[in-house]
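# Fold and geometry: a report
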Amino acid sequence: MQIRIKLYASLRWKLFEEAEWECTPGQKIASIVEQLGLPRNDVGTVLVNGLHAAWDEMVQDGDVLSLLPRMGGG
Amino acid sequence: MSDNKMMSTDPASVVYQRCTIDLATGRADFAAVPCRNLEDVLGGFGRSFQILAERDIACAYSPKNPLILNSGLLTGTSVMTGMRSYFSGYSPLKQSGTGRPGAMWSTGSGNFGNKFKWTGLDEVIFENRSETPVYAVLREGANGPEVELKPAGHLIGLTGHAKIMALAAEYPDAHFAAIGPAGENWQNNYMGAVVMSTDNELKSGEPKSRFAGRGGMGSLMGYKNLLAIVAQSPDKLQKITPEIRDVNRDILKSGGSARFQPTSQGGGGGTWANIEVLQVFHAVPLNNFRPKGCDNVERLFRDEVEKEFDVATEACHRCGIRCHNNLFHKNEDGSRGKLAAKFDFEPLILFGSNLGVHNPKEVCDLIHRCDLLGMDAISLGTTIAYLLDYNERHPEAPVLNGAVFGDYDKIAALIDGAGRGLYPELGRGVKRLSEALGETAYAMHVKGLELPAYLPDTNPGYIFAIAGGHMSMGTHMMLAKEGKHSLDEWVQAITTGGLLQVGYDMIGLCKFVGVGIGHDLIVRAVKEAAGLEIASADIVASVRRAYLRGLALELRQGFHEHEEYTLPSQVMDDPNHKVTLPKFITHDFLAQLRERVWSIFKPEMEGLLPVLEG
């Protein structure tokens, strides 16, 4: 199955802005991030179709997975 | 503290060095003061607020209102970021409905804090006010710290940076805290910042100052006719032991600080990156905190700005986090030109998209003007945004120079006028301005302190911040980061982790260390650099008491526990559906939040304040 991955700010600078991604049915978000080669600590927020999601959630065909870097500061 | 290395759990065995300077007479009294509790030991606002709590202050501009300069336990040590100095007093800006001022502190880095600590002092209390403009010289003498007040007529009217450079020519081995024209015009400007020098600034001659901006401590300094403070001492860099080396390595490697580190180090590039992340939710403040869903903020993304400017990552003294993103103009030959501005999230948004200004060059110029005049970027930017909003709503009767969103030239004139004391309507902050104009719903402040660049629609935690919305209650990104929006989650966040953010404003480290105040890193740093074994639970308990003391002090100064612990009413009455995050803040939500948070806090607040005589 295929999903679309969107990366933002420092994650985008490291890899890409947006890409189609092949994954297996039932694959969890943590596993996809690992496939991307991104350290988990670099990812602060995960969205699936615009809604906050947890690392152990599974994606569905056609989902948009957005990965945001850690935020903070003033 | 000073010359005091010991292993102890008894606060009274720790002694700090205080100097009380009567600005009216010039007299200086020195005292070695035993700590009353762990808050005194940790320092910063944890100590200064106990002094403020002993005073009955009805007006910020009163001789009885002290200006307290102090350091934290780890200021001047070799622990990374250990450079903070703190300015505390009753604020001219933060004011309750009864008219009484709120207690405030403000803090910054640079190298002033180190030099101050190395003079042998931990605390200076400036009492009364001088009849004529003076500056204070604090120096290490042969027999201990020495203090001298000197005429400051030659500094009048100079920018904060120019004051620093003028004093630097006279005082080698020193660093400086100064006010700008805004602080000098304290009658008409309540948001004056304290401008602090950095090594980069003194070496390059460029205005790379740091600011203790919040709450108008620079204006209080101006009221006292104290134009600058010189801290003169040889450098006393503490030996970096293997244990401190490990602490510093862990500060860089633990992950907490990574988001602030340069992209070239694999970091997130500082707070600047927040724009792109918040824009995913259309939650970047635009036109007075009212994003429209098609916000044109992409032009302020880092890679866009890099097309026009040379972005240099720089650091405070010996700090490996290197969070400063300084923008330099590019010369025609592509080489680095003059410094344009320091780009951080707050000024970038509050002088950019929130004023409807999207051209990076124009944003740089507005930030630069505010910095040179020595004002708090958050307070000024947010107050101007309100004015522009008002003018757009009232095209038939605009106020001041009639500026509206995006009107760069007129906004620049407003900044200059506010800094020179010509626009008291702006200089006295958004609470007073909105009340004078009779439209308070979209005035973005809580308890008289202007909101930083995180939408109030996303952070009910603002109402329990005690010294500025995002620096004294660490909940400003919770919704965007985690999506949490239930009442239980917000009560939990405010009453546990959120308030502990203020611990960094006690111990002398910068919040960008990025770990919780009870983290093992902090315990190890305190043990290795200060020689004190303090358990994590004790540090956490002390920070909690200090925060609650601040909250109790707010109530004593007349802040109404329901009416003034609220958000701008636009948030509840006219929710912004362009923001794609959950909209959960209603009047009822806030009422329940207040009830539950107060029910937890109030029993703990009992006995934290001294009983005032008379």
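Our next topic: the overall build of chain B. Within chain B one finds 23 helices and 17 strands. Taking 25 Å as the expected radius of gyration for a compact globule of 614 residues, we find that chain B reaches 22 Å, a close match to that expectation. With respect to the three principal axes, the spread of C-alpha positions in chain B is 65 × 60 × 50 Å. Here chain B holds 614 residues, and the buried ones make up 57% of them.

Attention shifts here to the overall build of chain A. Looking only at helices and strands, chain A features 2 helices and 5 strands. Helices and strands in chain A line up, N terminus first, as β-α-β-α-β-β-β. Taking 11 Å as the expected radius of gyration for a compact globule of 74 residues, we find that chain A reaches 11 Å, a close match to that expectation. Each principal axis of the C-alpha distribution contributes one length, and for chain A these read about 40 × 20 × 20 Å.

Let's shift gears to the sheet that holds strand S9 (residues 174-178) of chain B. All names here are of chain B. The strand order S8-S7-S12-S9-S10-S11 describes an open sheet built from 6 strands, whose pairing is mixed. Unpaired on one side and paired on the other, strand S8 (144-151) and strand S11 (210-212) mark the two borders of the sheet. Ignoring strand direction, the axes of neighbouring strands in this sheet form an average angle of 20°. Note that S9 and strand S12 (residues 226-232) share 5 bridges and pair antiparallel. By the bridge assignment for S12, Ala 178 is matched with Ala 228.

The subject of this paragraph is unusual backbone geometry. All names here are of chain B. In this structure, Asn 128 takes a positive phi of about 60° despite not being glycine. Inspection of the secondary structure assignment puts Asn 128 in the loop between strand S6 (123-127) and strand S7 (134-141). Exposure remark for Asn 128: the 17 C-beta atoms within 10 Å place this residue in the partly exposed category. Here Arg 318, not a glycine, exhibits a phi torsion of approximately 60°, which is positive. As for its position among the elements, Arg 318 is in the loop between strand S13 (309-314) and strand S14 (324-330).

Another aspect to go through is the nonpolar core. All names here are of chain B. Core analysis: the largest hydrophobic core is formed by 205 residues, its most contacted members being Val 194, Ala 228 and Val 230. With 9 residues, helix H13 (residues 377-393) is the single largest residue contributor to this core. Setting aside residues no more than four positions away along its own chain, Val 194 makes contact with Phe 87, Ser 106, Ala 177, Ile 179, Phe 211, Ala 212, Met 217, Gly 218 and Met 221.

On to helix H12 (residues 360-373) of chain B, then. All names here are of chain B. In a regular helix each residue adds 1.5 Å, so 14 residues correspond to 20 Å; H12 covers 20 Å between its end C-alpha atoms and thus fits that length. The element H12 is largely enclosed, with a buried count of 10 among its 14 residues. Within H12, the full set of buried residues consists of Pro 360, Val 363, Cys 364, Leu 366, Ile 367, Arg 369, Cys 370, Asp 371, Leu 372 and Leu 373.

What follows concerns the pairing of S9 of chain B. In terms of burial, S9 of chain B is largely enclosed, as 5 of its 5 residues are buried. Covered by surrounding structure in S9 of chain B are Ala 174, Phe 176 and Ala 178 of chain B together with His 175 and Ala 177 of chain B, the residues of both alternating faces.

Residue and element names in this part refer to chain B. Two elements in contact, helix H2 (residues 45-52) and helix H21 (residues 536-556), have axes whose closest approach is 10 Å; the angle formed by their N-to-C orientations is 35°. As for the relative orientation of H2 and H21, their crossing is left-handed in sense. Contacts between H2 and H21 involve Phe 45, Gly 46, Phe 49 and Leu 52 from the first element and Ser 542, Ala 546, Arg 549, Gly 550 and Leu 553 from the second. Across the contact of H2 with H21, the residue classes break down as 5 nonpolar, 3 polar and 1 charged.

All right, on to the pairing of strand S2 (residues 28-34) of chain B then. All names here are of chain B. In terms of residue burial, S2 counts as a barely covered element, since only 0 of its 7 residues are buried. As paired elements, strand S1 (residues 15-22) and S2 share 7 bridges and run antiparallel to each other. Considered in S2, the bridge of Val 15 is made with Pro 34. Connecting the antiparallel pair S1 and S2 is a turn made up of 5 residues, with Gly 26 showing a positive phi of about 85°.

Looking now at the confidence of the model for chain B. When pLDDT drops low, the exact placement of atoms in the prediction is not to be read closely. All names here are of chain B. Confidence in the prediction for chain B averages 94 pLDDT; 98% of positions are at 70 or higher. Scored below 50 in pLDDT, residues 2-7 makes 12 contacts in the model with residues more than four places away or belonging to other chains. For this predicted complex, the interface confidence score (ipTM) comes to 0.95, while the overall pTM stands at 0.96.

With that settled, the discussion passes to the sheet that holds S14 of chain B. Residue and element names in this part refer to chain B. As summarised here, the arrangement of the 3 strands in space is S13-S14-S15, forming an open sheet in which the pairing is antiparallel. Only two strands of the sheet have a single neighbouring strand rather than two, namely S13 and strand S15 (336-342). Looking at each pair of strands side by side, their axes are set apart by 35° on average, direction ignored. Relative to S14, S13 is paired through 6 bridges, and the arrangement is antiparallel. Note that in S14 the partner of Glu 314 across the bridge is His 324. Seen against the sheet, H12 touches S13, S14 and S15 and runs at an angle of roughly 65° to S15.

Further remarks concern the environment of Leu 366 of chain B. Looking at the secondary structure, you find Leu 366 of chain B in helix H12. Apart from the residues within four sequence positions on either side, Leu 366 of chain B is in contact with Phe 351, Val 357, Ile 411, Ala 412 and Ile 415 of chain B.

This part is about the environment of Arg 336 of chain B. All names here are of chain B. If you trace the backbone, Arg 336 turns up in strand S15. The spatial distance from the C-alpha of Arg 336 to the C-alpha of Phe 309 is 8.7 Å, given a sequence separation of 27 residues. Ignoring sequence-local partners within four residues, the contact set of Arg 336 consists of Asp 310 and Phe 328.

Analysis parameters
- Residues numbered from 1 in each chain as written.
- Chains lettered and ligands numbered in written order.
- Predicted model: local features only at pLDDT ≥ 70, side-chain atom pairs only at ≥ 80, totals over all residues.
- Helix = DSSP H or I, 4+ residues; strand = E, 2+ residues; numbered from the N terminus.
- Rg over C-alpha atoms; globule rule 2.2 N^0.38 Å.
- Buried ≥ 20, exposed ≤ 12 C-beta atoms within 10 Å, placed from the backbone.
- Pairing = 2+ DSSP bridges.
- Axes fitted to C-alpha atoms, helices over the stretch in contact; angles between N-to-C directions.
- Core = buried A, V, L, I, M, F, W, Y, C linked by C-beta atoms within 7 Å.
- Contact = placed C-beta atoms within 7 Å.
- Expected span 1.5 Å × (residues − 1).
- Left-handed = near helix turned anticlockwise from the far one by under 90°.
- Nonpolar A, V, L, I, M, F, W, Y, C, P; charged D, E, K, R; others polar.
- pLDDT = per-residue confidence, 0-100.

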